[in-house]
Each structure stands twice: as C-alpha cells, then as structure tokens.
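Coordinate inspection notes
What follows is the residue order along each chain.
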Amino acid sequence: MDPVFPPCRRLWDTKAWLWSGACCRRSPGLRDSNGDNWDNGRHPPPGGGRRFTRRGGRRHGRDSGSPTPAGPRRRCPEEAAGRTRDPAGRQPRGKEPAHRRGGMELRSERLPRACGARPARGPPENCSHAALFAKAEELLEKRIARGDTLARFLKGQLYYEEGLYEEALIQFEKIKDTDFQAMYQLGVMHYDGLGTTENPEKGVEYMKKILSSDSPKARHLKFAAAYNLGRAYYEGCGVRRSTEEAERLWLIAADHGNPKASVKAQSTLGLFYCVSVPKDLKKAFFWHSEACGNGNLESQGALGVMYLHGQGVSQNTKAAVECLREAAERGNTYAQGHLVEYYYNRKFYSTAVALAKRATENDDIAMLAKITGCLPTYVAKGAAMAAFYLARCLQLGRGTQQDQAAAEKYYSKTQSVLKEVRTRRWVSQRVLRHAFWILVLLLTFNWQLILEEFSVSLNCSI
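Now for a look at the structure at hand. (Residues numbered from 1 in each chain as written. Predicted model: local features only at pLDDT ≥ 70, side-chain atom pairs only at ≥ 80, totals over all residues. Heavy atoms only, no water.)

**Details of the overall build of the protein**
Of the regular secondary structure elements, the protein holds 18 helices and three strands. Taking all 462 residues of the protein together, the buried fraction comes to 58%. Carbon and sulfur atoms make up 51% of the accessible area of the protein, which amounts to about 18500 Å² in all. (Helix = DSSP H or I, 4+ residues; strand = E, 2+ residues; numbered from the N terminus. Buried < 20%, exposed > 50% of the residue type's maximum accessible area, 1.4 Å probe, protein only. Areas by Shrake-Rupley, 256 points an atom, 1.4 Å probe, with all protein chains shown as cover.)

Here it is in structure tokens:
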C-alpha cells in the first residue's frame, strides 16, 4: 500500500445546516455545517444520518456526519455472508488557510443537525435568489425582535451560507455564550480564517469547550468537536502535534462504530492505521468496514482494494469487485481506477475502456473530491490509473480502435495528473518517474509493444 497522503487544505468545514431542534441526527464534517473540512465536510462526504444507535458492539448505518437519514444500512461483504469481523469519506468559499501540512488530507466534520430540523423546501417558481435571501433575512429579523434566540443563529448561518462571513461572525459572536452551535461555527471560522484573521489556537479553544461541556445542548456536537480536535493534533495546528492524542480523540469521535457518531472519524482511523508506524492493517480494515457500513464512500473503495490485495483481511476477489463496483457507481474515482485495472488484467478490454472513459471525463480533481467527499489524493490516483490503462488499450488496439494520437494524449494526461499528485506529495517519486519514461519511450520510439514491459504501480494506497 502506498502510505503517502496529501497535505491538508482546510481543517474545519463550516457551512452549518439550519437547526430547529434539540436532538441530533448527525452530520459528517466539521467545516461548515454542510461543510467539507473538519468532519463537517461541505461537499459530500458521502453518507447520511444514521438511524440506529450502538454502544460497544458493531453496527452499520450511514455516514454519521450527514444531516439526513440514509436509508437502509449497508453491510460489508463479510457481514452479508453471515461472517463476523475481528475488531483486531463544498468547501466554504474564501481563501485557503495558510496552514498546509503533510500527511493525510482530511476533511472537517460538519456541524451536526438537530433531529427536529426538516429539509428545506424548494424555492417558489419565478423567485430570484436575491429576493428569497432578502425575505429570509426579513423574517429572521422579526423573530429576533420577538426574542427568538434561535433566529439569531439561523441569521448567522444564512450569512455564512452566502459567504458573508463578516456578518455571520457578528451574529455568532452575540450568542456564543449561550448557543453551542454558534460557538462551534466560530471555532471553524477562526481556525480557517473566515471573516476574521486566521487563528487556529482560538478555534481549538472553542472545540475544547464544546468537548468538555456537560450541557445537554452540546451533546450532539461532541463527536464532531472530537474529530476536529484530532485533526488539529494530527496536523499540529493550534496545538502541539501529537499523533497519539489525535488517535485518542478520533477513537472518541468514532465511538466504536456508532452510526450516530462521526463516520468521518471512523474512515480517518482506517487511513491512520495504514500510515501509522508500525502499520496495523487489521485495525485499518475494521474501521474502514465500520465507516463503509455507515455509508462512507471513501472507505467503501478502500475496502474493495484491501479485499483485492488481501491487506488486513483474507483475499476475496468477489467481495473486492462487489465493493469496487458499488463505490464506482457512486462516483468513487479511486474505485473506478482499480476496476479498470482489474478488467484489463483479466482481458475484459471493452469493459475496461468504457469505465476508463467515464473515469477520465472530468479533469478537475478538486471538484471531483468536493462532489464525492473523497480525498483528492485518491481521486487523482484513480484518474491516473484509468487514463494509463485507457492509453494502453488505445496504443495496442485492445477493446477499442487503435489510435496512437489518442494514446499519447492519455499518457500525457497520466503524467500531468501524477505530476500534480507528486507536487502535493500524494504519490512516490518512483511512480512519477515510471509514467514519465513510459511517455518518453512512446513519443521517441513509438514501439507497438513497449507498454508490455512496463506497469504503473498505483495499487492500494488506502
């Protein structure tokens, strides 16, 4: 497995969902309540609110970080077969924070959403966005005038969603001593420098207050706060770096796989145990299984690769293909790349070509990561694998009409993706050199079978 992870873009995500209740359904990230950074990831993460609780034992549901119910729970292939496992995945608008760190590029945990909150209805026809915004602002002002404290938070959240961070900050500051949701959002905003000067220390301070509070009103925020604090310790932002403390906090946030806890923490633990020294692939498999069962798209793709290569679990090609296919259908580019490789190695060239074309349609790695909630590292690796095998098929006329010009185009695309990945320390220098020399040989000698002597080693960086 490739242990290299990308640097962290933003630590906390802050686009909070509008609240109207006291109990929590739960959401995946810490960035904005809808966010993508702290386990509150704005974009996807994939997953939805969990409906069942579980303490101590393992139970599967959907992404703990999402604000809405996720439907029937997913089961990993082993559980579906009746076997038990051994317990032995839109960023806020604004500038990128200055604190970029090496290691796992993780997304923030969203602000969890209250159980009583209902999804917003679609806007009336023939109403402009500006008119709806003005109407919402007017209604909230009336509620505030009547002494409705929740309205103050909703107004701040409205500004936050619109990217009016300075105005949002003012509203949250007015109620931070009585509203833990406002305190949570302030922590994210100070950490990421949204509407104020970037101040990771202050952001960490707010998260610690939430985590240590005994108030029932802070209970639904504690899992997300623990996840975000774990990220702060792992990245060494606002606090002294400590992987041990990060692991401890993530274990608190993951809550033994509880679907109402932080699913982002569960997935992150799967990644963490793959890069820890020493690695613990059995623990990595366990936590990826928990996160996958709770709806996490990133962990579903990681599980497929672990089954495929027998990492942390006995090799099981059938289970691997099942996981990879479902993850690929849900938009996991990393899973798509591994499926392309799987089909190519088994000489299902037409299938490999069709899937590779789909996986290489979008060149915007950051956008794909935002949409799917997957880490850019693995989105890039999946896209590079798909482009490489598509170029190989075009070069050799396998599963498609032979086309040298198109083959060179996709080899160049592979190299450009890997170059970007290497720039961000996402893959090893060896892989980049390999792709470069393949392209050089093709352009220089144009050998028909040169690709038979080379193979890109992009496998399993879970």
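Here the narrative resumes, following the displayed structure.
**Some points on the packing of helix H15 (residues 365-372) against helix H16 (residues 376-396)**
Between H15 and H16, the shortest axis-to-axis distance is 9 Å and the interhelical angle comes to 120 degrees. Put simply, H15 runs oblique to H16. H15 and H16 meet at a crossing whose hand is right-handed. Here Ile365, Leu368 and Ala369 of H15 come into contact with H16, specifically with Pro376, Val379, Ala380 and Ala383. Here the residues of the contact of H15 with H16 are counted per class, giving seven nonpolar, no polar and no charged. (Axes fitted to C-alpha atoms, helices over the stretch in contact; angles between N-to-C directions. Parallel < 35°, antiparallel > 145°, perpendicular 65-115°, else oblique. Left-handed = near helix turned anticlockwise from the far one by under 90°. Contact = heavy atoms within 4.5 Å. Nonpolar A, V, L, I, M, F, W, Y, C, P; charged D, E, K, R; others polar.)

**So, the environment of alanine 354**
Turning to its location among the elements, alanine 354 is positioned in helix H14 (residues 349-359). On the accessibility criterion, alanine 354 (49% relative accessible area) is partly exposed. The sequence separation of alanine 354 and valine 340 amounts to 14 residues, and the corresponding C-alpha distance is 8.8 Å.

**Describing helix H11 (residues 297-309)**
Compared with the 18 Å implied by 1.5 Å per residue over 13 residues, the 19 Å span of H11 between its first and last C-alpha is a close match. Counting buried residues in H11 gives 12 out of 13 residues, a clear majority hidden from the surface. All of the buried residues along H11 are Leu297, Glu298, Ser299, Gln300, Gly301, Ala302, Leu303, Gly304, Val305, Met306, Tyr307 and Leu308. Its side-chain oxygen 3.1 Å from the backbone nitrogen of glutamate 298, asparagine 296 forms the N-cap of H11. In the stretch just after H11, glycine 310 is the one whose phi turns positive, near 65 degrees. (Expected span 1.5 Å × (residues − 1). Polar contact = N/O pair within 3.5 Å; in protein donor to acceptor, adjacent residues only side chain to side chain.)

**Thoughts on unusual backbone geometry**
Residue proline 278 is bonded to the preceding valine 277 through a cis peptide linkage, with omega at -5 degrees. The residue proline 278 is located in the loop between helix H9 (263-275) and helix H10 (281-293) in this model. A positive phi angle is found at histidine 256, which is not glycine, with a value near 60 degrees. Mapped onto the fold, histidine 256 is located in the loop between helix H8 (243-254) and H9. Residue lysine 347 is not a glycine yet carries a positive backbone phi of 65 degrees. Here lysine 347 lies in the loop between helix H13 (333-345) and H14. Look at lysine 347 and you get exposed, because its relative accessible area is 59%.

**Some remarks on the packing of aromatic side chains**
Within the structure shown, the criterion is met by 17 aromatic pairs. Ring centres of phenylalanine 133 and tyrosine 159 lie 6.2 Å apart, and the angle between their planes is 55 degrees; this geometry places the pair in the tilted category. Residue phenylalanine 133 is found in helix H2 (residues 129-145), and its partner tyrosine 159 is found in helix H3 (residues 149-161); the two are separated by 26 residues along the sequence. For the pair shown, phenylalanine 133 and tyrosine 159 are each scored as buried. Measuring from ring centre to ring centre gives 6.3 Å for tyrosine 234 and phenylalanine 272, while their planes differ by 75 degrees; the resulting arrangement is edge-to-face. One end of the pair, tyrosine 234, is in helix H7 (residues 222-235); the other, phenylalanine 272, is in helix H9, and 38 residues separate them in sequence. Accessibility assignment for this pair places tyrosine 234 and phenylalanine 272 in one class, buried. The structure contains a cluster of three or more aromatic residues connected by ring pairs, namely Tyr227, Tyr234, Trp250, Phe272 and Tyr273. Sitting over the face of the ring of tyrosine 234, arginine 241 holds its NZ or CZ atom 5.1 Å from the ring centroid. (Phe/Tyr/Trp six-rings, centres within 6.5 Å; stacked < 30°, edge-to-face > 60°. Lys NZ or Arg CZ within 6 Å of the ring centre and 35° of its normal.)

**Section: the pattern of salt bridges**
Opposite charge on two side chains permits them to pair, given that their charged atoms come into close proximity. Summed over the entire model, instances satisfying the criterion amount to seven salt bridges. Note that arginine 143 is salt-bridged to aspartate 148, the shortest N-O span being 2.8 Å. (Salt bridge = Lys/Arg side-chain N within 4 Å of Asp/Glu carboxyl O.)

**What to know about the environment of histidine 288**
Positionally, histidine 288 belongs in helix H10. According to the relative accessible area criterion, histidine 288 is buried, its value standing at 0%. The sequence separation of histidine 288 and valine 263 amounts to 25 residues, and the corresponding C-alpha distance is 9.7 Å. Polar side-chain contacts of histidine 288 include one of 2.8 Å to the side chain of serine 299.

**A word on H14**
Tyr349, Ala352, Val353, Leu355, Ala356 and Ala359 are the residues of H14 that are buried. The elements touched by buried residues of H14 are H13 and H16.

**What to know about the nonpolar core**
If you look at the biggest cluster of nonpolar residues, it comprises 109 residues, and the most contacted ones within it are Tyr184, Met189 and Ile210. Ranked by residues supplied to this core, first place goes to H16 with 14 residues. Excluding its chain neighbours within four sequence positions, the residues that come into contact with isoleucine 210 are Phe180, Met183, Tyr184, Ala218, Leu221, Lys222 and Ala225. (Core = buried A, V, L, I, M, F, W, Y, C linked by side-chain atoms within 4.5 Å.)

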